[in-house]
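If you want the building blocks of each chain, they are given just below.
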Amino acid sequence: MASPRLETFCCPNRDPATQLVLDYQPTVFGSLCIGSGLVSLILTIIQLLPKTNQGYRKHGRSTLPKPSSSRILLLVVVCDLLGCLGVILRSTIWISSPSLISNMSLQNTTDVWPTAFCVGSAMWIQLFYSASFWWLFCYAVDAYLVIKRSAGISTIVLYHMMTWGLAILLCVEGVAMLYYPSVSNCEEGLEHAVPHYITTYAPLLLVMIANPILFRRTVLAVATLLKGRQGIYTENERRLGTEIQIRFFKIMLVFMICWLSNIINESLLFYLEMQPNINEDHLKNVRNAALITWFIMGILNPMQGFLFTLAFYGWTGWSIRLRSQQKEIPWEPVSSSSAVESARNGMIGSFLNYPGYIQDPNKSEMGNSNQTDEALSMLSEGNGSISQRITRNSPIYQGW
């Protein structure tokens, strides 16, 4: 799982609350992390591999650039996969080498490898999950800017700079404050650990608070765009707006499910740390709740990548295309009208799903509606039902 407690494990002078979760069934906890991580890793890869029945996804998407929203969603999943790999590796080493933790508890030990592995694996996990949080925030910002027609493909460079820059900066700063003056002699007390917890949970809380606000404003802007397409707000437009709203709701639901237990667990452990003796009888329920949420974190945190693919793309199926198959198109006698119709239908998907296409000067009156379809298609990237409804309702489609 991804918790700032991972870094505090590396300090020999751990606080009692950290020692509580570290000593409670470490083998069972590590096994749960490995199992959950492997399931998420395998299913996520299956979700992302090309399929033989992709339908609309294979249509006209081999050469055209993808919108920034689509790239951001993929980067969110990739960061989750890398963080999940760190969880699997850390748990595997700790289960296979129980002496690793005991060696880290010795302040005067000369073996630096246990501490180096502890610090390195903890920073790896924190860095990529923190980057995943920042990418989710960028997705909410990008969705709003796309609807407001203020963003494009070039904006992805700024998102890269912000995401990786802030993730690395906060990770290094938090760990440096935690391990002052040295890893082998961390300062005791809550004061030195507070900056580390703030830098860890700041992007998580930002997504929890800011993303629903941005998604709400985007949905309202979508409704305005749909009303302005043809001057009326039909049942199709209402359903389209509802599906986009449901898409945002799924993203936030997955995020809350995977990370709300972290907030609860950290609050309980901080409460225990402020007590003179955490082993008192009246704190038994608090200790049990902290341990239960600790195990829930170990199961849900690694599952975020797979659950996000379900929220982004839905279940894509098991029919994996192992190698590209090129079929020869037989020559058949067709009429000129059917040939023109086929060519036009083939261009519709590309025009509606990607920015930068060239419009016919004779159809410039459709420009505003085309931009609306383009923006909505970028938001619905990966959702077949929404994209198909946009195409059916498009004035381009109706005009052919």
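Residues numbered from 1 in each chain as written. Predicted model: local features only at pLDDT ≥ 70, side-chain atom pairs only at ≥ 80, totals over all residues. Heavy atoms only, no water.

- Identification of the protein as G-protein coupled receptor 143 from Engystomops pustulosus is taken from an unreviewed UniProt entry.
- What UniProt states about the protein under its Sequence similarities (unreviewed entry) heading is, verbatim, "Belongs to the G-protein coupled receptor OA family." (UniProt positions renumbered as here; feature names shortened; annotations may be inferred.)

Overview of the overall build of the protein
Line of reasoning, step 1. Secondary structure assignment for the protein yields 15 helices and 0 strands.
Line of reasoning, step 2. Relative to its 400 residues, the protein shows a buried fraction of 48%.
Line of reasoning, step 3. Residue pairs at least 24 apart in sequence account for 83% of intrachain contacts in the protein once pairs closer than 6 positions are excluded.
Line of reasoning, step 4. When the accessible surface of the protein is split by element, carbon and sulfur atoms take 63% of a total near 19,400 Å². (Helix = DSSP H or I, 4+ residues; strand = E, 2+ residues; numbered from the N terminus. Buried < 20%, exposed > 50% of the residue type's maximum accessible area, 1.4 Å probe, protein only. Contact = heavy atoms within 4.5 Å. Areas by Shrake-Rupley, 256 points an atom, 1.4 Å probe, with all protein chains shown as cover.)

Considering the packing of helix 3 (residues 26–48) against helix 11 (residues 304–313)
Line of reasoning, step 1. Where helix 3 meets helix 11, the closest approach of the two axes is 8 Å, and the angle between their N-to-C directions is 30 degrees. Between helix 3 and helix 11, the angle is such that the two are roughly parallel. For the pair helix 3 and helix 11, the sense of crossing is left-handed. In this structure, helix 3 uses Ser40, Leu43, Thr44, Gln47 and Leu48 to contact helix 11, whose residues at the interface are Gly305, Phe306, Thr309, Leu310 and Tyr313.
Line of reasoning, step 2. Tallied by class, residues from the contact of helix 3 with helix 11 come to 5 nonpolar, 5 polar and no charged. (Axes fitted to C-alpha atoms, helices over the stretch in contact; angles between N-to-C directions. Parallel < 35°, antiparallel > 145°, perpendicular 65-115°, else oblique. Left-handed = near helix turned anticlockwise from the far one by under 90°. Nonpolar A, V, L, I, M, F, W, Y, C, P; charged D, E, K, R; others polar.)

Regarding the environment of Gln47
Line of reasoning, step 1. In this fold, Gln47 is placed in helix 3.
Line of reasoning, step 2. Along the sequence, Gln47 and Trp318 sit 271 residues apart, while their C-alpha atoms lie 8.0 Å from each other.
Line of reasoning, step 3. Within polar-contact distance, the side chain of Gln47 engages the side chain of Thr309 at 3.3 Å. (Polar contact = N/O pair within 3.5 Å; in protein donor to acceptor, adjacent residues only side chain to side chain.)

Describing helix 2 (residues 16–23)
Line of reasoning, step 1. Listing the buried residues of helix 2 in full gives Ala17, Thr18, Leu20, Val21 and Leu22.
Line of reasoning, step 2. Residue Gln25 follows helix 2 closely and has a positive phi angle near 45 degrees.

Details of the environment of Arg217
Line of reasoning, step 1. With respect to the helices, strands and loops of the structure, Arg217 is situated in helix 8 (residues 194–230).
Line of reasoning, step 2. Sequence separation of Arg217 and Tyr144 is 73 residues, and the distance between their C-alpha atoms is 7.2 Å.

Structural notes on helix 3
Line of reasoning, step 1. Between its first and last C-alpha, helix 3 extends 33 Å over 23 residues, near the 33 Å set by a 1.5 Å rise per residue.
Line of reasoning, step 2. Along helix 3, the residues that are buried comprise Phe29, Gly30, Cys33, Ile34, Ser36, Gly37, Ser40, Leu41, Leu43, Thr44, Ile46 and Gln47.
Line of reasoning, step 3. Residues of helix 3 that are buried sit in contact with helix 4 (68–96), helix 10 (284–300) and helix 11. (Expected span 1.5 Å × (residues − 1).)

Remarks on a nonpolar patch on the surface
Line of reasoning, step 1. A contiguous nonpolar surface patch, about 210 Å² in accessible area, is contributed by Val28, Leu32 and Ile299.
Line of reasoning, step 2. By secondary structure assignment, the location of Leu32 is in helix 3. (Patch = residues over 30% accessible without salt bridge, like charges linked within 9 Å, V, L, I, M, F, W, Y side chains within 5 Å. Salt bridge = Lys/Arg side-chain N within 4 Å of Asp/Glu carboxyl O.)

Some thoughts on the confidence of the model for the protein
Line of reasoning, step 1. Mean pLDDT over the protein stands at 75; residues scoring 70 or higher make up 67%.
Line of reasoning, step 2. Confidence drops under a pLDDT of 50 for residues 55–65, and excluding neighbours within four residues, the segment shows 25 contacts in the predicted structure.
Line of reasoning, step 3. In the predicted structure, residues 324–367 sits below a pLDDT of 50 and forms 36 contacts with residues beyond four places in sequence or in another chain. (pLDDT = per-residue confidence, 0-100.)

Topic: the UniProt feature "transmembrane region" (unreviewed entry) in the protein
Line of reasoning, step 1. In the numbering adopted here, UniProt assigns the feature "transmembrane region" (unreviewed entry) to residues 28–50, 71–93, 113–137, 157–180, 200–226, 247–272 and 292–315.
Line of reasoning, step 2. Here residues 71–93 runs as 100% helix and 0% strand, with 33 Å between its end C-alpha atoms.
Line of reasoning, step 3. This span, residues 292–315, is 79% helix and 0% strand, and a straight line between its end C-alpha atoms measures 30 Å.

Quick look at the packing of aromatic side chains
Line of reasoning, step 1. Tallied over the full model, the rule gives 15 aromatic pairs.
Line of reasoning, step 2. Ring centres 5.4 Å apart and planes at 80 degrees place the aromatic pair Phe29 and Phe295 in the edge-to-face group. One end of the pair, Phe29, is in helix 3; the other, Phe295, is in helix 10, with 266 residues separating them in the sequence. Comparing Phe29 with Phe295, the two get one shared label, buried.
Line of reasoning, step 3. Through successive ring pairs, a cluster of aromatic residues spans Tyr24, Phe29, Trp294 and Phe295.
Line of reasoning, step 4. The ring of Trp94 is capped by Arg90, whose NZ or CZ atom sits 5.2 Å from the centre of that ring. (Phe/Tyr/Trp six-rings, centres within 6.5 Å; stacked < 30°, edge-to-face > 60°. Lys NZ or Arg CZ within 6 Å of the ring centre and 35° of its normal.)

Let's talk about the nonpolar core
Line of reasoning, step 1. Core analysis: the largest hydrophobic core is formed by 87 residues, its most contacted members being Trp135, Phe255, Leu272 and Phe312.
Line of reasoning, step 2. By residue number, the principal contributor to this core is helix 6 (residues 113–147), which donates 17 residues.
Line of reasoning, step 3. Leave out the neighbours within four places in its chain, and Trp135 touches Ile72, Leu75, Val76, Cys79, Ile156, Tyr159, His160, Thr163 and Trp164. (Core = buried A, V, L, I, M, F, W, Y, C linked by side-chain atoms within 4.5 Å.)

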